[in-house]
Amino acid sequence: MGIFNFVKEAGEKLWDNLTDHKAQGDKVTEHLKKLNLPGADKVQVNVADGKASVTGDGLTQEQKEKIQVAVGNIAGVSEVENNISATDTQDEATYYTVKSGDTLSAISKTVYGDPNQYNKIFEANRPMLSSPDKIYPGQTLRIPKA
């Protein structure tokens with residue numbers, strides 16, 4: 001549980017000038033389902049003034065983190081309050097915000113000391129990432145333990 005900050009201008013654009021908070025939450029929920037994220041059907045999302053609150057239970061730590069990253073990587077969301085309760089005691093992953101010029105190999109070298117571990121980061125962020133070559137500045141990635 002906690003509050004996590006994201007780059008508000010970065011991410012997938014789900015709405016333009018939508019000010020109806022319920023509609024924003026519905027769009028985020030729809031987005032999670034389109035990503036086919038396991039556990040997405042067990043969470044509720046509320047969005048107000050760029051802050052998303054996610055609640056639910058019955059998810060693993062990995063599912064909880066993936067939903068958090070998917071919600072945070074939506075343009076217009078600057079903060080995610082993650083109130084999902086996890087069913088396991090797996091260690092929490094760390095997070096990395098992509099900078100201009102980054103590649104998954106370069107990030108892997110920075111966090112693991114080995115550029116060849118990039119696939120571990122890619123797999124930890126699927127299905128939000130469709131290819132190891134498709135990352136963008138401002139995007140937050142989930143970095144699993146080595």
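This is a predicted model, so every value here is computed, not measured.

### Things to note about the overall build of the chain
Inference 1: Within the chain one finds 4 helices and 6 strands.
Inference 2: Listed N to C, the secondary structure of the chain is β-α-β-β-α-β-β-α-α-β in terms of helices and strands.
Inference 3: The globule rule puts the C-alpha radius of gyration for 146 residues at 15 Å, and the 15 Å found for the chain is close to it.
Inference 4: Along the first, second and third principal axes, the C-alpha set of the chain runs to 45 × 35 × 25 Å.
Inference 5: Here the chain holds 146 residues, and the buried ones make up 42% of them.
Inference 6: Intrachain contacts of the chain at a sequence separation of at least 6 include 69% that bridge at least 24 residues.
Inference 7: For the chain, the exposed surface amounts to about 7,700 Å²; the carbon and sulfur share of it is 46%.
Inference 8: Computing the positive centroid from 17 side-chain charges and the negative centroid from 20, the chain places the two 3 Å apart.

### Let's talk about helix H3 (residues 104–112)
Inference 1: Along H3, the residues that are buried comprise Leu-104, Ile-107, Ser-108 and Tyr-112. Projection of H3 onto a plane perpendicular to its axis shows the buried side chains occupying an angular sector of 100 degrees, all on one side. Exposed positions of H3 whose direction lies more than 90 degrees from the buried face are Lys-109 and Thr-110.
Inference 2: Residues of H3 that are buried sit in contact with strand E5 (94–97), helix H4 (118–124) and strand E6 (140–143).
Inference 3: Positive backbone phi, approximately 80 degrees, marks Gly-113, located one or two places after H3.

### A short note on helix H2 (residues 61–72)
Inference 1: Its 12 residues place the ends of H2 16 Å apart at the C-alpha level, agreeing with the 16 Å of an ideal helix rising 1.5 Å per residue.
Inference 2: Within H2, 10 of the 12 residues are buried, leaving the element largely enclosed by the surrounding structure.
Inference 3: Turning to H2, its buried residues number three or more, namely Gln-61, Lys-64, Glu-65, Lys-66, Ile-67, Gln-68, Val-69, Ala-70, Val-71 and Gly-72.

### What to know about the UniProt feature "domain: LysM" (unreviewed entry) in the chain
Inference 1: The residues that UniProt annotates with the feature "domain: LysM" (unreviewed entry) are residues 94–143.
Inference 2: Along residues 94–143, the helical share is 32% and the strand share 16%, with 5 Å between the first and last C-alpha atoms.

### What to know about the environment of Asn-73
Inference 1: With respect to the helices and strands, Asn-73 occurs in the loop between H2 and strand E4 (79–86).
Inference 2: Considered as a pair, Asn-73 and Val-43 are 30 residues apart in the sequence and their alpha carbons are 17 Å apart.
Inference 3: Among all residues touching Asn-73, those that are not within four sequence positions of it are Phe-6, Ala-10, Gly-11, Glu-12, Tyr-136, Gly-138, Gln-139 and Thr-140.
Inference 4: A polar contact is formed between the side chain of Asn-73 and the backbone oxygen of Thr-140, at a distance of 2.8 Å.

### Overview of the pattern of salt bridges
Inference 1: Under the definition given, this model contains 4 salt bridges.
Inference 2: With its nearest N and O atoms 3.4 Å apart, the salt bridge here joins Lys-34 to Glu-30. Note that Lys-34 and Glu-30 are positioned in helix H1 (residues 21–34) at a spacing of 4 residues, about one turn of the helix.
Inference 3: Overall, Lys-34 belongs to the exposed group, its relative accessible area being 63%.
Inference 4: Using a relative accessible area of 41% as the deciding quantity, one classes Glu-30 as partly exposed.
Inference 5: Among the ionic pairs, Glu-123 bridges to Arg-126, the shortest N-O distance being 3.7 Å.
Inference 6: The class of Arg-126 is partly exposed, set by a relative accessible area of 37%.

Parameters and conventions
Residues numbered from 1 in each chain as written. Predicted model: local features only at pLDDT ≥ 70, side-chain atom pairs only at ≥ 80, totals over all residues. Heavy atoms only, no water. Helix = DSSP H or I, 4+ residues; strand = E, 2+ residues; numbered from the N terminus. Rg over C-alpha atoms; globule rule 2.2 N^0.38 Å. Buried < 20%, exposed > 50% of the residue type's maximum accessible area, 1.4 Å probe, protein only. Contact = heavy atoms within 4.5 Å. Areas by Shrake-Rupley, 256 points an atom, 1.4 Å probe, with all protein chains shown as cover. Lys, Arg positive; Asp, Glu negative; His and termini not counted. Charge placed at Lys NZ, Arg CZ, Asp CG, Glu CD. Arc of directions from axis to C-beta. Expected span 1.5 Å × (residues − 1). UniProt positions renumbered as here; feature names shortened; annotations may be inferred. Polar contact = N/O pair within 3.5 Å; in protein donor to acceptor, adjacent residues only side chain to side chain. Salt bridge = Lys/Arg side-chain N within 4 Å of Asp/Glu carboxyl O.

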